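Observations on chain architecture
Spelled out from the first residue to the last, the chains are:
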Amino acid sequence: MRWSSIFLSSLSRSFHRRLHPQSTLNGFEFAQHFFTTEILSSAKEGVLSKRMSPFIAFVLGGPGSGKGTQCTKIADAFGFTHLSAGDLLRKEILSNGENGAMILDTIKEGKIVPSEITVNLIRRAIETSENHKFLIDGFPRSDENRIAFERIVGAEPDIVLFFDCPEEEMVKRVLSRNQGRIDDNIETVKKRLKVFHTLNLPIVNYYSGKGKVHKINAVGTVDEIFEKVRPLFAAFSNNGKD
Ligand SMILES: Nc1ncnc2c1ncn2[C@@H]1O[C@H](COP(=O)(O)OP(=O)(O)OP(=O)(O)O)[C@@H](O)[C@H]1O
Ligand SMILES: Nc1ccn([C@H]2C[C@H](O)[C@@H](COP(=O)(O)O)O2)c(=O)n1
Ligand SMILES: [Mg+2]
């Protein structure tokens, strides 16, 4: 083996270990992973312009914890495509599709829309995107969501961000959001908080067990929180917008 390849291989291996501390890849498996996820992602044109497997970050947190706000900033700074599951569902309501009325009722009740519907909206958005880096905001919200994503999209997240915010602060933020959302009222927020504890938090625990969760204290100004998020994404990117 040439020195340059030994050097590159060890550099990329340590980079990979920093990003995936739980990784057990080694030898051939590691080289394969590195080729498909790191090298192909930097190619700009032709058949290599899209990574074989996209880079996926799930972004979790309670209602009003600031997921959407931070995703906008990450997308701007690091060239990710921001896919909000809630926004995709709201668009589906507006498009008068066959599931629109059911989705509206479910959102009003603060419940979770059947996974197949949400996952297919996400899948379509990934497939029609030219990008290979995605922030999937507000998903998965349940074990059923997670399993459906693995089955239908056939992928797992590379990282999971979890915005940890006290309940009182989340309620305050939702009630002053003022974007005309049907679920931004105290009755629905209470229901969404229950769903957050019973269905969403177990997902965070599941990915914690896999060493994928980056927990961010979501109290502070938007910019202060982004400064905690930035280093995670800087580690994935050479120059901020690869
Ligand atoms: N760090 C912050 N400090 C104060 N207000 C914030 C902060 N981050 C976001 N907000 C505001 O709180 C409200 C909720 O934020 P955002 O929509 O980003 O939350 P979310 O986690 O996406 O919520 P949801 O799950 O309900 O979509 C918005 O009005 C936003 O401007
Ligand atoms: N995975 C998801 C994401 C969202 N929904 C529904 C239920 C949520 O209360 C609503 C709003 O989502 P948000 O904009 O707060 O992320 O959308 C769902 O059923 N499944
Ligand atoms: Mg949101």
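Here the residue numbers are simple positions, counted from 1 along each chain's written sequence. To label them, take the chains in the order written and letter them from A, then take the ligands in the order written and number them from 1. Where totals are concerned, whole chains, interfaces and linings use all residues; where local detail is concerned, this predicted model gives features only for residues with pLDDT of at least 70, and gives and counts side-chain atom pairs only at 80 or more. The basis for every side-chain value is the complete set of heavy atoms in the structure, and neither hydrogens nor water enter the calculation.

1. Examining the overall build of the protein chain
When helices and strands are counted, the protein chain shows ten helices and five strands. Throughout, a contact is declared for two residues whenever any of their heavy atoms are within 4.5 Å. Intrachain contacts of the protein chain at a sequence separation of at least 6 include 73% that bridge at least 24 residues. A total accessible area of about 13000 Å² is found for the protein chain, and carbon and sulfur atoms account for 55% of it. Helix numbering and strand numbering both begin at the N terminus, where a helix is a DSSP run of H or I of at least 4 residues and a strand a DSSP run of E of at least 2. With residues, only the protein chains shown are counted as cover, and all accessible areas are computed by Shrake-Rupley using a 1.4 Å probe.

2. Here's the deal with the site of ligand 2
Nearness here has a simple test: a residue counts as near a molecule or strand if at least one of its heavy atoms is within 4 Å of that partner. Residues in close proximity to ligand 2 total 15 residues, the closest being Arg90, Val113, Asn145, Arg181 and Arg192. As used in this structure description, the phrase polar contact means that two N or O atoms lie within 3.5 Å; if the pair is within protein, one of them must be able to donate a hydrogen and the other to accept it, and residues adjacent in sequence are counted only when both atoms belong to side chains. Residue arginine 141 places a side-chain N or O atom 3.1 Å away from an oxygen atom belonging to ligand 2. Separating a nitrogen atom of ligand 2 from a side-chain N or O atom of asparagine 145 is a distance of 3.0 Å. In isolation ligand 2 exposes 440 Å². Once the protein is present, 96% of that is buried. Sorting elements by how many residues they give to the shell around ligand 2 places helix α4 (residues 85-94) first, with four residues. We call Asp, Glu, Lys and Arg charged. Ala, Val, Leu, Ile, Met, Phe, Trp, Tyr, Cys and Pro are nonpolar, and the rest, Gly among them, are polar. Residue classes in the shell around ligand 2 are distributed as six nonpolar, three polar and six charged.

3. Here we look at the state of the cysteines
Note on terminology: disulfide denotes any pair of cysteine sulfur atoms within 2.5 Å. Applying the stated criterion across every chain, the model contains zero disulfides. You can see cysteine 71 has no disulfide; the closest cysteine sulfur is in cysteine 165, sitting 15 Å from it. Think of it in three bands: residues with accessible area under 20% of the maximum for their type are buried, residues over 50% are exposed, and the middle band is partly exposed, with areas taken using a 1.4 Å probe on protein chains only. For cysteine 71, a relative accessible area of 0% puts it in the buried group. Given a relative accessible area of 8%, cysteine 165 falls into the buried group.

4. Describing the UniProt feature "binding site: CMP" (unreviewed entry) in the protein chain
According to UniProt, the "binding site: CMP" (unreviewed entry) feature falls on Asn145. With respect to the element layout, asparagine 145 can be found in helix α7 (residues 143-152). Sequence-distant contacts of asparagine 145, that is, excluding residues within four places in its chain, are made with Ile112, Val113, Ser115, Val119, Phe139 and Pro140. UniProt positions are given in the numbering used here, feature names are shortened, and annotations may be inferred rather than shown by experiment.

5. Considerations on the side chain of lysine 133
Considering the arrangement of structural elements, one finds lysine 133 in strand β3 (residues 133-137). By relative accessible area, which is 7% here, lysine 133 ends up buried. Here phenylalanine 78 takes part through its backbone oxygen, which lies 2.9 Å from a polar atom of the side chain of lysine 133.

6. Notes on the pairing of β3
Where burial is concerned, most of β3 is hidden: five out of the five residues are buried. Neither face of β3 is exposed, since Lys133, Leu135 and Asp137 on one face and Phe134 and Ile136 on the opposite face are all buried. Sheet analysis places strand β1 (residues 55-61) next to β3, joined by five bridges and oriented parallel. Pairing of phenylalanine 55 across the sheet is with lysine 133, part of β3. DSSP-based pairing: two strands are paired if at least 2 bridges between them are found. Where strand β2 (residues 81-84) lies against β3, four bridges are found, and the strand directions are parallel. Among the inter-strand pairings, leucine 83 is bridged to a residue of β3, identified as isoleucine 136.

7. Section: the UniProt feature "binding site: a ribonucleoside 5'-phosphate" (unreviewed entry) in the protein chain
Feature annotation in UniProt places "binding site: a ribonucleoside 5'-phosphate" (unreviewed entry) on Arg90, Lys111, Ile112, Val113, Gly138, Phe139, Pro140, Arg141, Arg181 and Arg192, given in this structure's numbering. A residue is classified by how much of its surface remains accessible, and arginine 90, at 23% relative accessible area, is partly exposed. What arginine 90 contacts, discounting residues up to four positions off in sequence, is Ser84, Ile107 and Arg181. Residue position: isoleucine 112 is located in the loop between α5 (100-108) and α6 (115-127). Residue class for isoleucine 112 comes out partly exposed when judged on its relative accessible area of 27%. Contacts of isoleucine 112, omitting those with residues within four sequence positions, involve Thr106, Arg141, Ser142, Asn145, Val195, Leu199 and Asn200.

8. Some thoughts on the site of ligand 1
In the neighbourhood of ligand 1, 16 residues make up the surrounding shell, with Gly64, Lys67, Thr69, Arg177 and Gly220 lying closest. Between ligand 1 and the protein, one listed contact pairs an oxygen atom with a backbone N or O atom of glycine 64 at 2.9 Å. Within the backbone of glycine 220, a nitrogen or oxygen atom sits 2.8 Å from a nitrogen atom of ligand 1. Protein chains bury 78% of the 630 Å² of accessible surface belonging to ligand 1 in isolation.

9. Looking at α5
Taken together, the buried positions of α5 are Gly100, Ile103, Thr106 and Ile107. Down the axis of α5, the buried side of the element spans an arc of 130°, and every buried residue falls inside it. Among the structural elements, α4, α6 and α9 (186-209) are those in contact with the buried residues of α5. Throughout, the arc means the angular range of directions from the helix axis out to the C-beta atoms.

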